[in-house]
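Structural characterization, general
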Amino acid sequence: MKKNVLHAYEHLSSHYEFDVDRKPYNAYLERPAMVNLLPELQGRKVLDAGCAAGWYARYMADYGADVTAIDLSPSMIAATQRRAGNAKICAFVHDLVDPLPINDESLDFIISSLTLHYIKEWEPIFQEFHRTLKPGGTLLFSTHHPIMDYMNHKVKNYYACQQMQEEWTVDGEKVPMTFYRRPLEEIISAVTDRFHFIQLSEPKPTPEFKDVHPDGFHKVSTKPNFMIVKAKKPGPI
C-alpha cells in the first residue's frame, strides 16, 4: 500500500507543484474551508503533516509561522523546498506511520490536508500528534468524507475500514490511487480518544468552483466530498 501511494505521488509531484493550485477540488473546495479554520499563526510552531507540494506550508509561513513540513514523497519535499524560498520552512521526507522526530509538547499547531486516508492505522499517528502538541495546541485535518466513498465505490461494509482503489486522470494519463475509507464514528473516535473536539466542517464550493468546473459544481454543492475536523489538546494554551 505504502509503495503504491509513494509511486503515485512521486509521479504526480510536478502536477501538484504547477497545476493543483488552480484545480477546483483543492483551490475552491477544500482549501478555503481549511483556511477559514486556521488558528493564530504568528510566532507559532507548526507541523504540516503530509505537505505535498507545500501550499499550506508556504501560506502559514507567510503569516508568521515557524513551519516543519513532512511528506512521504521526496519529489513533493523538493517541490515544497522550491516553493519555500527564503520562508521559515524546514521540509524533509518522513513517513507518518513512524514516530515524529519532534520533541514532546513543542508544537502549537498540526495541520494535515487530505493525507490520513492513505494510512490504515490512525492510532499511532494521533498518539504522536498528541505527544508533540503543547497543551491547548490545535489539530486540524481534512480527509475523504465517508459518504462520498460509500456512494462512489463498492463498499462491502460501511462500518469497516476498507482499502479502496480508483484512477485519477492527470494530463490525459491514468494514475492508479489506493486509499482507505472508514466510517464516520471511527474518524471521530480517533480524535476524541485524545483531543477535545471543536468543529466538524463539510466544505462547500466557492463561486469560483462553478466558473472553473461547472459540470462538477452541482455534485459538490449537494454531496459531500471532504470533511474537516478541528480539535484541541486538553490543557491551557
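Heads up: these notes are all about the structure in this document. (Residues numbered from 1 in each chain as written. Predicted model: local features only at pLDDT ≥ 70, side-chain atom pairs only at ≥ 80, totals over all residues. Heavy atoms only, no water.)

**Quick notes on the side chain of Asn225**
Turning to its location among the elements, Asn225 is positioned in the loop between helix 9 (214-222) and strand 9 (226-232). By relative accessible area, which is 10% here, Asn225 ends up buried. Ignoring any residue separated from it by four or fewer positions in sequence, one finds Asn225 in contact with Tyr25, Leu29, Thr143, His144, His145, Met148 and Val220. (Helix = DSSP H or I, 4+ residues; strand = E, 2+ residues; numbered from the N terminus. Buried < 20%, exposed > 50% of the residue type's maximum accessible area, 1.4 Å probe, protein only. Contact = heavy atoms within 4.5 Å.)

**Some remarks on the pattern of salt bridges**
Enumeration according to the criterion identifies nine salt bridges in this entry. The salt bridge involving Lys134 is made with Asp108; its shortest N-O contact spans 3.2 Å. Of this pair, Lys134 sits in strand 5 (residues 133-144) while Asp108 sits in strand 4 (residues 107-113), placing them 26 residues apart in sequence. Residue Asp108 is classed as buried on the basis of its relative accessible area of 16%. Each of Asp21, Arg31 and Arg83 takes part in a single network of salt bridges with overlapping partners. (Salt bridge = Lys/Arg side-chain N within 4 Å of Asp/Glu carboxyl O.)

**What about the sheet that holds strand 4?**
Strand order across the open sheet formed by seven strands is 3-2-1-4-5-9-8, with mixed pairing between neighbours. Only two strands of the sheet have a single neighbouring strand rather than two, namely strand 3 (89-93) and strand 8 (196-201). With strand direction ignored, the average angle separating the axes of adjacent strands in the sheet is 15°. Two strands pair when backbone bridges link them, and strand 2 (residues 66-71) and strand 3 are joined in this way by five bridges, in the parallel orientation. Residue pairing in the sheet places Asp71 in a bridge with Val93 of strand 3. Against the sheet, helix 4 (residues 74-84) touches strand 2 and strand 3, its axis set at about 165° to strand 3. (Pairing = 2+ DSSP bridges. Axes fitted to C-alpha atoms, helices over the stretch in contact; angles between N-to-C directions.)

**What to know about the nonpolar core**
Within soluble globular proteins, side chains that are nonpolar generally end up buried alongside one another. In terms of nonpolar packing, the biggest core is built from 24 residues, with Leu96, Phe126, Phe129 and Phe141 touching the most fellow members. Looking at this core, the elements with two or more residues in it are strand 1 (45-49), strand 4, helix 5 (123-132), strand 5, helix 7 (184-192) and strand 9. Among residues more than four places away in sequence, those in contact with Phe126 are Leu116, Leu139, Phe141, Ala190, Val191, Arg194 and Phe195. Listed in part, the 23 residues of the second largest apolar core include Leu41, Met60, Val67 and Ala84. (Core = buried A, V, L, I, M, F, W, Y, C linked by side-chain atoms within 4.5 Å.)

**A closer look at the packing of helix 2 (residues 24-36) against helix 3 (residues 55-62)**
Running from N to C, helix 2 and helix 3 cross one another at 35°; their axes reach a closest spacing of 13 Å. For the pair helix 2 and helix 3, the crossing hand works out as right-handed. In this structure, helix 2 contributes Glu30, Arg31, Met34 and Val35 to the contact, and helix 3 contributes Trp55, Tyr56 and Tyr59. When grouped by side-chain class, the residues that make up the contact of helix 2 with helix 3 number five nonpolar, no polar and two charged. (Left-handed = near helix turned anticlockwise from the far one by under 90°. Nonpolar A, V, L, I, M, F, W, Y, C, P; charged D, E, K, R; others polar.)

Shape descriptors only; they carry no functional weight alone.
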